[in-house]
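Chains, contacts and geometry: an overview
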Amino acid sequence: MTERVGITRRAVTKSAVAGIALAAVPFWPRRAVAAEPIKIGMPLALTGPLGSVGQQLKRGGELWAKTQNAKGGLVGRQIQLFIEDTGGNPADAVRKAQELVERDGCNIFTGITLSSEALAVVPKLEEWKAIFVSSDNGDGRLTAESFVPNFFRSNISAPMGARAVSLFLRESEWQNVYAIGMDYAWGRNSVQVFESEMKRAKKNFIGSVFSPIGTKDFSTYITKIRQSGAEAVYITMAGDDYNAFLAQAAQYRLPDKVQLLSEVVDLTVPRAVGDAALGLISSMRYCFRLDNPKNKEFVALWQKEYGAVPDNNEGEQWQALQVLAAGIEKAGSTDTTALRSALETVAIDDIKGRVAVRKCDHQAVQAGYMVKLVKADGFSYPVPQIIATYPDDKTTPACNKMTFED
Amino acid sequence: MSLLAFFVTQSLNALSQAALLFFLGVGLTLIFGIMRIVNFAHGTLYMLGAFVGYSVARLTGSFWAALLLAPLAVGLVGMLFEFAILRRLYQREASAFLMVTFGLALVLGEIIRLAWGPDALQVEAPQTFAGIVFLLDEPFPTYRLFLAGAGIIVAVTIWQFLDRTRLGLLIRAASQNPEMVSALGTDVNLLRSAVFGIGCGLAGIGGVLAAPLVTASVGMAATMIIDAFVIVIIGGMGSFLGSLIAALLVAFTQVFGEYYLPDLALAFMYLLMLLVLVVRPGGLLGKEA
Amino acid sequence: MLALAPFALPLYAMTLLTEALILGLFAMSLDLMVGYTRLLSFGHAAAFGFGAYASGWLLLHTQISMLCAVPLAALLAGIVAIGVAWVCTYATGVSFSMLTLAFAQLLYAIAFKWTSVTGGSDGLAGIPRRPGPFGFAAFGSRAGFYYLTLIALTAAFAFCRALVHSPFGAVLRGIRENEAKTLALGYNTRLYKIAVVALAYALGGLAGALYAPFAGFANTELVFWLFSGQVLIMVIVGGSGTLIGPILGAAFFLVVEHQLSNYTEAWALFFGLIFIAFVIFAPEGIWGLLTARFGRAGGETR
């Protein structure tokens, strides 16, 4: 679905015609033709298994564009979002992105939902002369071996999430840890980073197990975790698999014996499994609880528009667009080369506090934090409470790498 | 964990898994056996059961109401579809049914997404079965015992139904020889509607019962449909007993296989399927060769 | 008139058209099995995926050009298919279909897990369009690749056409109508079935092999059962047993899905309704509709 948010074609035509008409009259004071809108392409997974994530990114984008345009847009131009559904399929993502570039003239992308979609699109960015600011893709390789200059990552990556969990574990009394991940690139990569972090922290990493995507019955895996003798287990899961695992783990009373820790969690998780998520400790990429004026303003704005608190990916999408905006203002234009160099050194102070893009691998350096899901007034499901915060230099990996220097 | 406790708990896990697989497999195999239709929408009907179950449970506060009403609703949807669409196609080739059930899967899947939204929804297990029992000192969820029990009850019910009721007899006869049955004066149309409805209803039961374990989510259909197919293929298309045996076989292979060889977890079902088909091309108890 | 497309269409439409041609080739290859021999395959994505991974791997890890990698990958697909076909043709009817599904899913599992060769869940990315020496550089460009695909499709079509009109094709039709009788006439039907499956997989592999440099990546979705289901739908919607029908079906499927999803998130709903409508109102598929309307051109007999 292509949506034009902000202004319609008719409005552009009308103002263009008006402008030309006015310019034709010699003694009439010249008024400038309405400036070309800033076109941002968002090929999202709006349907399919990760549809709920794509919908979050869409809401984030739409509210941002609306708010920005109400303030007069950016560098005097209105924002125009082009939102299309990829269904979570990398082939569709590439096709739609290409169409957005060639048919609609977008040279900026954000909101590509799955890392697999991002990995397929990223090699084409140079050919399309397009910039991509990631709001959701966690795969470590996007700033390491799969890095391309036109790629920028505004969000917390998977290695950064794993790192936050490791730092938390360091300070804890738990010695023996186990890990479980979904058996594909993200799961494997995250557990690998976590394992090396555990070894460096001199904790006992007992072992790990991986479940195929689409696993419905986790009883065997729960048994393995229980048998391992671990005091804490690191979980890299998402979507339906994660919900099923948590629901079943609670049924087996696993959390009574082993502390569950995870790399990332959305509010959709406790909404889907209810009390089964109580006591879960996780790294989170954006939390509505963050205590700073910009975030409070953002949360209030979000609640007014959508009637709920902003979720993990909604906040990340907002931040990504704020980073982009800062880059556009710094460059004074949306020209790809100018925008790229502006973004390389841009820094903002926004809903997650200070966030600064670094030149070497275009990762946004930012603080990391851990949350615990607890009961709270006003919510019918467990919600995150921030229990630890880590400074940005401790949680961001070495340049172009997925490892950390302590 | 002692070895005995391990085997007992894992076997019970397998039984509960087998129950869910059985609910889907038996419906699919019945539909194929009588109507020669490969129902691609079976996973979507299962999913519908979960979501309708969610809504009924929300409205009434009772899981049991959901378990009763959701399968009825799904069965009704199935019968409606059979009446409106499938009935026009009985003279046609298998490919027509493939397309039309594929189309139904798409349409129904999207309707579910539009009606209930893209987020996963919680369905709580009933109070009676929300706790744990200690089996040889290992905690085991009572809900899974309930599932295994439900599987046994449904299996026995279907067996008795096929064996002793008139409709059951007709169904068995029709799966052997459809032409003869209609020559005997039975309203074959009614028979087909009933079978399709029952098959869909069984999928609906599977959906409601699975929901407390996996939540009601729009991705459910895709992950379950392939499992259902494998059960039916291994068991033999059209064989009730076959689907029962296959469900047990797959569940036990899966549970113990995952434990000892987790790297092959993705492939177990298909290796098993291949093995069975090479030895018995029609499935374990199937009639086609 | 397809040859003039690059001059008439905007760039992004060209990409869509090229993809339509590739899928058309894929669907046509399946038609050999489904339409002419009544061998319903639920695992044809295995051919496409295998071809894509093979040519992708060759283009990434060796210096050979597309013009060598693509046919080589197709050939490999055909050879591997002989083994698969030999096992699958043990069975007939639905069991045959299920065996093809089993093999495809096994290939999926292998592609997913054998990360060192296939890139695992990420697949192979950044596959180059290496056009090759001797002035074939033109094939690397958008229009050039389009022509390459057009040539491949036309050649494959000509080959299939000749095949189905040959004595070999007659035996296939015999198997389709009445295998027992054909067997009784003395033909080793199993051998013919293996042959047609191998050919179908080789051509399907050709389509996949073209896809890898086209899209620049190959991933596990290309081997997934959903894709197998989709290509089967393309054949049926287009009109099975006509060779041209499936090509139209593939183009129809791709373009309609693309355009529908541009307009509404609920595109799957309309898509499904379209299939149901086709089954009820246009059982001969798109080709059937066209020929009914405009009369049969060239006397395509089924």
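Everything numeric in this text was worked out from a predicted model, so none of it was measured.

**Structural notes on the interface of chain C and chain A**
With 28 residues of chain C in contact, the opposing surface of chain A contributes 32 residues. Across the contact surface, chain C and chain A share four salt bridges. Of the charged contacts, one joins Glu19 of chain C and Arg95 of chain A as a salt bridge, the two residues approaching to 2.8 Å between their closest N and O atoms. Counting the contacts that link chain C with chain A gives 14 residue pairs in polar contact (both at pLDDT 80 or more). The element best represented in the side of chain C that touches chain A is helix 11 (residues 244–263) of chain C, accounting for seven residues.

**So, the confidence of the model for chain C**
Residues and elements named next belong to chain C. With 94% of its residues at a pLDDT of at least 70, chain C reaches an overall mean of 87. Confidence, read as mean pLDDT per element, is least for helix 1 (residues 5–8) in chain C (70) and greatest for helix 3 (residues 45–61) (94). Overall fold confidence for the complex sits at a pTM of 0.90, while the interface term, ipTM, reaches 0.93.

**What to know about the nonpolar core**
Phe245 of chain A together with Leu209 of chain B are the most contacted members of the largest nonpolar core, which totals 323 residues. Among all residues touching Leu209 of chain B, those that are not within four sequence positions of it are Leu20, Phe23, Phe63, Leu67, Tyr143, Phe146, Leu147 and Ala150 of chain B.

**Here we look at the interface of chain C and chain B**
Opposite the 39 residues of chain C that make contact, chain B presents 40 residues. Taking the shortest distance from any N to any O, the salt bridge between Glu265 of chain C and Arg113 of chain B comes out at 3.4 Å. For the interface between chain C and chain B, the tally reads four residue pairs in polar contact (both at pLDDT 80 or more). The element that contributes the greatest number of residues to the side of chain C that touches chain B is helix 5 (residues 93–113) of chain C, accounting for 13 residues. For the side of chain C that touches chain B, the per-class residue count stands at 29 nonpolar, seven polar and three charged.

**A word on the packing of helix 9 (residues 220–235) of chain B against helix 11 (residues 268–279) of chain B**
Residue and element names in this part refer to chain B. The geometry of helix 9 relative to helix 11 is characterised by a closest axis approach of 10 Å and an angle of 25° between their N-to-C directions. The pairing of helix 9 with helix 11 is recorded here as roughly parallel in orientation. Considering how the two elements wind past one another, helix 9 and helix 11 form a crossing that is left-handed. The residues of helix 11 that touch helix 9, namely those facing Ile226, Asp227, Val230, Ile233 and Ile234, are Met269, Tyr270, Leu272, Met273, Val276 and Leu277. Split by residue class, the contact of helix 9 with helix 11 holds 10 nonpolar, no polar and one charged.

Cut-off values and rules
- Residues numbered from 1 in each chain as written.
- Chains lettered and ligands numbered in written order.
- Predicted model: local features only at pLDDT ≥ 70, side-chain atom pairs only at ≥ 80, totals over all residues.
- Heavy atoms only, no water.
- Contact = heavy atoms within 4.5 Å.
- Salt bridge = Lys/Arg side-chain N within 4 Å of Asp/Glu carboxyl O.
- Polar contact = N/O pair within 3.5 Å; in protein donor to acceptor, adjacent residues only side chain to side chain.
- Helix = DSSP H or I, 4+ residues; strand = E, 2+ residues; numbered from the N terminus.
- pLDDT = per-residue confidence, 0-100.
- Core = buried A, V, L, I, M, F, W, Y, C linked by side-chain atoms within 4.5 Å.
- Buried < 20%, exposed > 50% of the residue type's maximum accessible area, 1.4 Å probe, protein only.
- Nonpolar A, V, L, I, M, F, W, Y, C, P; charged D, E, K, R; others polar.
- Axes fitted to C-alpha atoms, helices over the stretch in contact; angles between N-to-C directions.
- Parallel < 35°, antiparallel > 145°, perpendicular 65-115°, else oblique.
- Left-handed = near helix turned anticlockwise from the far one by under 90°.

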